[in-house]
Amino acid sequence: MSNPVCLVTGVGPGTGSAIVRRFATDYEVAMLARSADRLDDLATELDNAHAYACDVTDGAALDAVLDKVRADLGAPTVLVHNAVGGAFGDFLSIDEETLRRNFEVNTMALLHLGQALVPAMIEAGGGAVICTGNTSAYRGRAGFSGFAPTKAAQRILAESMARHAGPLGVHVGYVAIDAVIDLEWTRKRNPEKPDDYYCRPVDIAEHVWQVAHQPKSAWTFDTVIRPFGEVW
């Protein structure tokens, strides 16, 4: 493959698919998600998008997929960890497995992917790891006890990765989305909301692209994006 390689986890119908479409203009994109059907549809639509069905919490399966990506496409120079475990509940009602599962998706998978892919980026002299998050990484609201702790841990892990890998030439950034993302199901849940209420996946994808391609003299770690009307 002559194009560089980008690996995107959590390729769903919204942000993940938009990120794939944005990067597929210049990259070979390895798409990871549990649903093979969804990935196959995108792979049919986009010549540079390649489907790899995988649960990122299964370490052995993830390692096998990463080996296949390297064999098929080459070593990724960009990783976008967009997979998210998002079950909610207050601390009195959630079970331990809810928190554990979300931690596996949000935090442990980032660690696994970083350990597997960043050494080759360092050796190559550059690369980028971008993690998509939200404001649960900064605050613990009452009904988010099964989710916010895992996103906060994810962000702190990403910051630790940035402090280690940055001086070695690899940019690690955290993109927090303070918004309701414009999806079919979010529209149905909020039928009275105007278009300006939502953050469009294509615009999130463009921001992720920009962070991944910042010049070394002006890297950012934390960015928070929101629609202009969002209260904050």
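Described below are features of the structure shown in this document. Computed from a predicted model, the values in this text were never measured in an experiment. (Residues numbered from 1 in each chain as written. Predicted model: local features only at pLDDT ≥ 70, side-chain atom pairs only at ≥ 80, totals over all residues. Heavy atoms only, no water.)

Quick word on the pairing of strand 4 (residues 78-81)
Here is the rule we go by: The rule is simple: take the accessible area with a 1.4 Å probe, protein chains only, and divide by the maximum for that residue type; under 20% is buried, over 50% is exposed, in between is partly exposed. To qualify as a helix, a DSSP run of H or I must reach at least 4 residues; to qualify as a strand, a run of E must reach at least 2; elements of each kind are numbered from the N terminus. Strands qualify as paired when DSSP identifies two bridges or more between them. Assignment of crossover handedness uses the view with strands pointing away from the viewer, where a clockwise path from the first strand over the helix to the second indicates a right-handed crossover.
Alternating residues of strand 4 divide into Val78 and Val80 and Leu79 and His81, and every residue in both groups is buried. With four bridges joining them, strand 1 (residues 5-9) and strand 4 adopt parallel strand pairing. Bridge pairing in strand 4 places Thr9 opposite His81. Taken together, the four bridges between strand 4 and strand 5 (residues 127-133) define a ladder with parallel strand orientation. In the sheet register, Leu79 faces strand 5, and the bridge partner there is Val129. Note that the unit made of strand 4, helix 4 (residues 96-124) and strand 5 has a crossover that is right-handed.

Digging into the pattern of salt bridges
Stated precisely, the cut-off is as follows: Any carboxyl oxygen of Asp or Glu within 4 Å of a side-chain nitrogen of Lys or Arg constitutes a salt bridge here.
By the definition in use, this model includes 14 salt bridges. The shortest N-O distance in the salt bridge between Arg226 and Asp178 comes to 3.0 Å. Taken as a pair, Arg226 in the segment after strand 9 (222-225) and Asp178 in the loop between strand 6 (170-177) and strand 7 (180-181) lie far apart in primary sequence, 48 residues in all. On the basis of relative accessibility, which here comes to 25%, the residue Arg226 falls in the partly exposed class. Judged by relative accessible area, Asp178 falls into the buried class, the value being 8%. Ionic contacts of the salt-bridge type, sharing partners, join the residues Arg155, Glu159, Arg163 and Asp222 into one network.

Considering the sheet that holds strand 2 (residues 28-33)
For clarity, the cut-off: Helix axes use the C-alpha atoms of the stretch in contact, all axes being lines fitted to C-alpha atoms, and the angles between their N-to-C directions lie in the range 0 to 180 degrees. Residues are treated as being in contact if the distance between any of their heavy atoms lies within 4.5 Å.
If you walk across this open sheet you meet the seven strands as 3-2-1-4-5-6-9, and the pairing is parallel. Either end of the sheet is taken by a strand with one partner, and the two such strands are strand 3 (49-53) and strand 9. Taking the axes of each pair of neighbouring strands and ignoring which way they run, one obtains an average angle of 20° across the sheet. In the sheet, strand 6 pairs with strand 9 via four bridges, with the strands oriented parallel. In the sheet register, Ala176 faces strand 9, and the bridge partner there is Val224. Across the face of the sheet, helix 1 (residues 15-23) comes into contact with strand 1, strand 2, strand 3, strand 4 and strand 5 while running at roughly 175° to strand 1. Running over the sheet, helix 4 touches strand 1, strand 4, strand 5 and strand 6 and is turned about 180° from strand 4.

Focus: the pairing of strand 5
Of all seven residues in strand 5, six are buried; the element is thus mostly enclosed. Where strand 5 and strand 6 come together, seven bridges link them in parallel fashion. Looking across to strand 6, one finds that Val129 is bridged to Val172.

Some words on the layout of surface pockets
Unoccupied space between atoms shows up once a probe the size of one water molecule is rolled over them. Quick reminder of the rule: Every definition here rests on a 1 Å grid over the protein atoms only: cavities are sets of points where a 1.4 Å probe fits but cannot get out, pockets are open sets enclosed by protein on both sides within 12 Å along at least five of seven lines, and lining residues have some atom within 4 Å of a point. Grid points are joined across faces, edges and corners, and a volume is the space filled by probe spheres set on the points. Residues are sorted three ways: Asp, Glu, Lys and Arg are charged, Ala, Val, Leu, Ile, Met, Phe, Trp, Tyr, Cys and Pro are nonpolar, and all the rest, Gly among them, are polar.
Considered as a void within the structure, the largest pocket measures approximately 1,500 Å³ in volume. Around the largest pocket, the lining is made up of 46 residues, and of these Val84, Asn134, Phe147, Ile181 and Trp185 lie nearest the centre. When contributions to the lining of the largest pocket are tallied by element, the ones reaching two or more residues are helix 1, strand 2, helix 4, strand 5, strand 7 and helix 6 (184-189). For the lining of the largest pocket, the element with the highest residue contribution is helix 6, accounting for three residues. When the residues that make up the lining of the largest pocket are grouped by side-chain class, the tally is 21 nonpolar, 15 polar and 10 charged. By volume, the second largest pocket is sized at about 150 Å³. Taken together, Leu110, Leu111, Gly114, Gln115, Val118, Ile122, Leu157, Ser160, Met161, His164, Ala165 and Val172 make up the full set of residues lining the second largest pocket. Broken down by secondary-structure element, the contributors of at least two residues to the lining of the second largest pocket are helix 4 and helix 5 (148-165). Among the elements that take part in the lining of the second largest pocket, helix 4 stands out by supplying six residues, more than any other. Of the residues that constitute the lining of the second largest pocket, the class distribution is eight nonpolar, four polar and no charged.

Quick word on helix 3 (residues 59-72)
Keep this limit in mind: Between the first and last residue of a helix there are one fewer steps than residues, each counted as 1.5 Å, and that sum is the expected span. Directions pointing from the helix axis toward each C-beta atom define the arc.
Here helix 3 contains 14 residues, and its C-alpha end-to-end distance of 20 Å stays within 8% of the 20 Å for a straight helix at 1.5 Å per residue. Every buried residue belonging to helix 3 is among Leu62, Val65, Leu66 and Val69, and all of these are buried. Angularly, the buried residues of helix 3 cover 100° about the axis, an arc narrow enough to put them on a single face. Seen from the open side of helix 3, the exposed residues pointing more than 90 degrees away from its buried face are Ala60 and Ala71. Phi turns positive one or two residues past the end of helix 3, at Gly74, with a value near 115°.

These figures capture arrangement, not role.
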